[in-house]
Each structure stands twice: as structure tokens, then as C-alpha cells.
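# Architecture and fold: a report
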Amino acid sequence: SRKSLTLPCCGNKAIAKTSPLGTQFFAHHRKSIDCLSQPESKEHLRLKALVASAAESAGWDVTTEFIGESSKGKKWIADIYCTKGRVKIALEIQLSQQTETELKARHKRYLESGVRDGWFMKQNVYNNSGHSSHKEFPRFGIKNFEDNKTPLMSDYDTTVEQFIKELLTGGLEWKRDVDTEVIYYMGSVCWKC
């Protein structure tokens, strides 16, 4: 009898596909409504492959689309899941808009699972997230990843690939800046006048 492949996210039948960029992957034959996974753009797939490759080059064991569960029973899927000894890190590629509430909820699930997380966000998504990156909840802007260009870090003079290697080998150092306040002025006409 023929055995069929199933997807770990929902146990449904899988089919092999090739993306327009030549990346091979498995997709749902028919997706159920309770499945955790979401469709991914070619840019997302490309960045995920690049980050996973950089993490492997840095000496980490890497799994893409890793499914985990928090201590409170909440399931999650990491884009790139890296392990080395007892250290567990989830690296997320976030190209679509996400509310701060949802980002914090996803971050909390990782914390409850004993997993560090790092977020690599499209520049406007990063800006809209409040870009409050800090050691406990690291978020970084990325740019230049469309049309087979070399993806770059927005706020650092390096490629995404080199940044990942430095991040995972201890080549980056967190420093705290003095908090600053910014006041924005917007001219408007009084609606009563």
C-alpha cells in the first residue's frame, strides 16, 4: 500500500511543490480550518531559507516550521527554530502588518516555552511595531529583499545573512541608549471654525 506524506501542523495530506524561486516545499493537499500554518509569500520563503542557512553556518541545529507548545498548552510554529545544547531560539520573519498585542502574545508563548525569540521585520512593519527592540524582545528591520536583491539590515551596515551569523555566535553586543522623547506637530483646521 502507498503511504502518504502528512504535514506536522495539522496531520493532513501533503503534496510536494516548487516555488517560482526554485525552493522545494510541501503544501496542504486540502487545508483544514483549524490548521496553524499560514500561506507564505515568495519573499518570506526566500528570507526564511537564507536565515536558516546562515544559522546552520553559525553551527546551530535548524528546523523550519517547527511546532512547539507553551507550558500553558498554547501551540506555536517557529519560522526558523535553532538549537545548540540546551539553548533554543526562534527566529521569525514578519513581512505583514501585525498588531503590538499579537506580537506580544506570540513573544509570550515563546517565553512560556523556554525559547528566546528574534524578529526580522519588513521596514514599514518594524516602524509600525514601535520598533522598541531590546535584549528581552529583539526586533530588527530588514530591507532590499525583493526581486532577488541581497537582503540588508535597515539599521546596521550589513547583510541579513552576516547579521544572523553574528547574532548567533555572540558577535553582537547590546547597549542601552538614553531614552529620548520626540514631539510631533501636526497643523490642522479646527472643525468648529
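Look above for the structure.
Computed from a predicted structure; not experimentally measured. (Residues numbered from 1 in each chain as written. Predicted model: local features only at pLDDT ≥ 70, side-chain atom pairs only at ≥ 80, totals over all residues. Heavy atoms only, no water.)

## A word on unusual backbone geometry
One non-glycine residue with positive phi stands out, namely E65, at about 55°. Assignment of secondary structure puts E65 in strand β3 (residues 61-69). (Helix = DSSP H or I, 4+ residues; strand = E, 2+ residues; numbered from the N terminus.)

## What about the packing of aromatic side chains?
Within this structure, the stated rule accounts for 9 aromatic pairs. Pairing F66 with W76 gives two aromatic rings, centres 6.0 Å apart and planes at 40°, and the pair type is tilted. Of the two residues, F66 is situated in strand β3 and W76 in strand β4 (residues 75-84); the sequence distance between them amounts to 10 residues. Geometrically, the ring pair formed by Y156 and F163 is tilted, given 5.1 Å between the ring centres and 40° between the ring planes. With a relative accessible area of 3%, F163 lands in the buried category. (Phe/Tyr/Trp six-rings, centres within 6.5 Å; stacked < 30°, edge-to-face > 60°. Buried < 20%, exposed > 50% of the residue type's maximum accessible area, 1.4 Å probe, protein only.)

## Section: helix α4 (residues 160-168)
Residues V160, F163, I164 and L168 constitute the buried set of α4. All buried residues of α4 fall inside an arc of 120° around its axis, so they share one side. Two residues or fewer after α4 comes G170, characterised by a positive phi angle close to 80°. (Arc of directions from axis to C-beta.)

## Section: the pairing of β3
The pairing of β3 with β4 spans 8 bridges and is classified as antiparallel. Across the sheet, T64 pairs through a bridge with I80, a residue of β4. As consecutive antiparallel partners, β3 and β4 are separated by 5 residues, and within that stretch G73 has a phi angle of approximately 85°, a positive value. (Pairing = 2+ DSSP bridges.)

## Concerning the pattern of salt bridges
Under the definition given, this model contains 6 salt bridges. E100 is the salt-bridge partner of K104, the closest N and O atoms lying 3.9 Å from each other. Taken as a pair, K104 and E100 lie in helix α2 (residues 100-112) at a separation of 4 residues, close to a single helical turn. By relative accessible area, K104 is classed as partly exposed at 48%. (Salt bridge = Lys/Arg side-chain N within 4 Å of Asp/Glu carboxyl O.)

## Observations concerning the side chain of R139
Mapping R139 onto the fold places it in strand β7 (residues 139-143). For R139, a relative accessible area of 1% corresponds to the buried category. Only 3.0 Å separates the side chain of R139 from the side chain of E100, close enough to count as a polar contact. (Polar contact = N/O pair within 3.5 Å; in protein donor to acceptor, adjacent residues only side chain to side chain.)

## What to know about the nonpolar core
I80, C82, L91, F120, I142, I164 and L168 are the most contacted members of the largest nonpolar core, which has 24 residues in total. Looking at which element gives the most residues to this core, the answer is helix α1 (residues 42-57), with 6 residues. If near-sequence neighbours (up to four positions away) are discounted, I80 is found in contact with K48, V51, A52, V62, T63, T64, I89, A90, L91 and I93. One finds W76, A78, V115 and Y126 within the second-largest nonpolar core, a separate group that totals 12 residues. (Core = buried A, V, L, I, M, F, W, Y, C linked by side-chain atoms within 4.5 Å. Contact = heavy atoms within 4.5 Å.)

## A closer look at the side chain of E92
By secondary structure assignment, the location of E92 is in strand β5 (residues 87-94). Side-chain polar atoms of E92 contact the backbone nitrogen of D79, separated by 3.4 Å. Leave out the neighbours within four places in its chain, and E92 touches I77, A78, D79, R106, Y110, G118, W119 and F120.

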